[in-house]
Amino acid sequence: MDTFERFSHAGIVPVVVIDHAGDALPTARALLDGGVDVMEITFRTDAAAGAIRAVSEGCPEMLVGAGTVITLAQCRQAVEAGARFIVAPGYDEEVVSWCVEKGVPILPGCVTPTEIMAAMKHGLTVLKFFPAGVYGGLSAMKALSGPFKGIKFVPTGGVGPQNAGEYGAAPFIHAVGGSWVCAQSDIASHNFERISQLCREARQALGRT
């Protein structure tokens, strides 16, 4: 399976915030124990690059990528650390062009027709929709899927255990993104069994088990 097939198979792309790189590997294993073999480690902390490297080298069965990538410098740093895909909160032409040129799967945030059309020019068909709850959620993505046939979304922000099933059932949803399956507090307290259990519950709600 390619990167985006792995997203769909997992059903959820966990948004993982790591404060200490040493927590990355056990977090990855907890996700795997819950049936989720993809993870997006966000560039919101100084530990991000080290965390990506730890998972890339120590847990090859996990498809690890970098999230909250805003600049090309972050993008390069993430790929050098072993990130196998890039997730950006918005659409940045420089970052998208670089990823496409280098063959790095990129999931840019696109919530307007203009952003979607820019992404389509690069051949992208799976796009992040963030923050989903603010920009109209399912109704907005349904409306956008009308003129943009073949585009699928990975909504993040406003997706949780209470509505994941509803999102996952929509034909224009490729997968969902969210941090609820691996909360920063659970990672910090090493509550890895809870992370595994929340992954199992999320996959069940998304119809992936």
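Residues numbered from 1 in each chain as written. Predicted model: local features only at pLDDT ≥ 70, side-chain atom pairs only at ≥ 80, totals over all residues. Heavy atoms only, no water.

Another aspect to go through is the environment of Trp 180. Relative to the helices and strands, Trp 180 is located in the loop between strand 8 (176-178) and helix 9 (184-188). Between the C-alpha atom of Trp 180 and that of Ala 202, which follows or precedes it by 22 residues, the distance is 9.4 Å. (Helix = DSSP H or I, 4+ residues; strand = E, 2+ residues; numbered from the N terminus.)

In this structure, Met 39, Ile 41, Ile 52, Val 55, Ile 86, Phe 153 and Ile 173 are the most contacted members of the largest nonpolar core, which totals 79 residues. When sequence neighbours within four positions are dropped, the list of residues in contact with Ile 41 reads Val 16, Ile 18, Ala 48, Ala 51, Ile 52, Val 55, Val 64, Gly 65, Ala 66 and Gly 67. (Core = buried A, V, L, I, M, F, W, Y, C linked by side-chain atoms within 4.5 Å. Buried < 20%, exposed > 50% of the residue type's maximum accessible area, 1.4 Å probe, protein only. Contact = heavy atoms within 4.5 Å.)

The two faces of a sheet get side chains in turn, since along a regular strand they alternate between them. The element strand 3 (residues 63-67) is largely enclosed, with a buried count of 5 among its 5 residues. The alternating pattern of strand 3 places Leu 63, Gly 65 and Gly 67 and Val 64 and Ala 66 on opposite faces, both of which are buried. Where strand 2 (residues 38-42) and strand 3 come together, 5 bridges link them in parallel fashion. Across the sheet, the residue bridging to Val 38 is Leu 63, located in strand 3. (Pairing = 2+ DSSP bridges.)

The next thing to look at is unusual backbone geometry. Geometrically, the link from Phe 130 to Pro 131 is a cis peptide bond, its omega value of -10° lying close to zero. With respect to the secondary-structure elements, Pro 131 resides in the loop between strand 6 (126-129) and helix 7 (137-145). In this model, His 190 sits at a positive phi of 60°, which is unusual for a non-glycine residue. Within the fold, His 190 resides in the loop between helix 9 and helix 10 (192-205).

When the charged atoms of two side chains with opposite charge come close together, those side chains can pair. Taken as a whole and judged by the stated rule, the model has 3 salt bridges. In this structure, Arg 6 and Asp 37 form a salt bridge, with 3.0 Å as the shortest nitrogen-oxygen distance. Here Arg 6 is found in helix 1 (residues 3-10), whereas its partner Asp 37 is found in the loop between helix 2 (24-33) and strand 2, with 31 residues between them in sequence. Judged by its relative accessible area of 17%, Asp 37 is buried. One salt bridge connects Glu 193 with Arg 200, and the closest N-O pair in it is separated by 3.4 Å. (Salt bridge = Lys/Arg side-chain N within 4 Å of Asp/Glu carboxyl O.)

What follows deals with the layout of surface pockets. Of the voids in this model, the largest pocket is the one considered here, and its volume is about 240 Å³. In this structure, the largest pocket is lined by 21 residues; those nearest its centre are Val 15, Arg 44, Phe 130, Thr 156 and Ser 179. Elements supplying a minimum of two residues to the lining of the largest pocket: strand 1 (12-16) and strand 8. In terms of residue class, the lining of the largest pocket is built from 10 nonpolar, 8 polar and 3 charged. (1 Å grid on protein atoms, 1.4 Å probe; cavity = no way out; pocket = protein on both sides within 12 Å on 5 of 7 lines; lining within 4 Å. Points joined across faces, edges and corners; volume = space filled by probe spheres on them. Nonpolar A, V, L, I, M, F, W, Y, C, P; charged D, E, K, R; others polar.)

We now examine the pairing of strand 6. Here strand 6 shows no split at all, with Val 126 and Lys 128 on one side and Leu 127 and Phe 129 on the other all buried. By the bridge criterion, 4 bridges tie strand 6 to strand 7 (residues 152-155) in an arrangement that is parallel. Directly across from Lys 128, in strand 7, lies its bridge partner Val 154. Once you follow strand 6 into helix 7 and on to strand 7, the crossover reads as right-handed. (Right-handed = clockwise from strand over helix to strand, strands pointing away.)

Glancing now at helix 6 (residues 113-121). For helix 6, the complete set of buried residues consists of Ile 116, Ala 118 and Ala 119. Taken down its axis, helix 6 places every buried residue within 160° of arc, on the same side. Opposite its buried face, helix 6 presents the exposed residues Thr 114 and Lys 121, each directed more than 90 degrees away. The inward-facing, buried residues of helix 6 abut strand 6, helix 7 and strand 7. Just beyond helix 6, the residue with positive phi is Gly 123, at close to 85°. (Arc of directions from axis to C-beta.)

Interhelical geometry of helix 3 (residues 48-58) versus helix 4 (residues 72-81) gives an angle of 30° and a closest axis separation of 8 Å. The pairing of helix 3 with helix 4 is recorded here as roughly parallel in orientation. The way helix 3 lies across helix 4 gives a crossing that is right-handed. Where helix 3 abuts helix 4, its residues Ala 49, Ile 52, Arg 53 and Ser 56 lie against Gln 77, Ala 78, Glu 80 and Ala 81. A class-by-class count of the residues in the contact of helix 3 with helix 4 yields 4 nonpolar, 2 polar and 2 charged. (Axes fitted to C-alpha atoms, helices over the stretch in contact; angles between N-to-C directions. Parallel < 35°, antiparallel > 145°, perpendicular 65-115°, else oblique. Left-handed = near helix turned anticlockwise from the far one by under 90°.)

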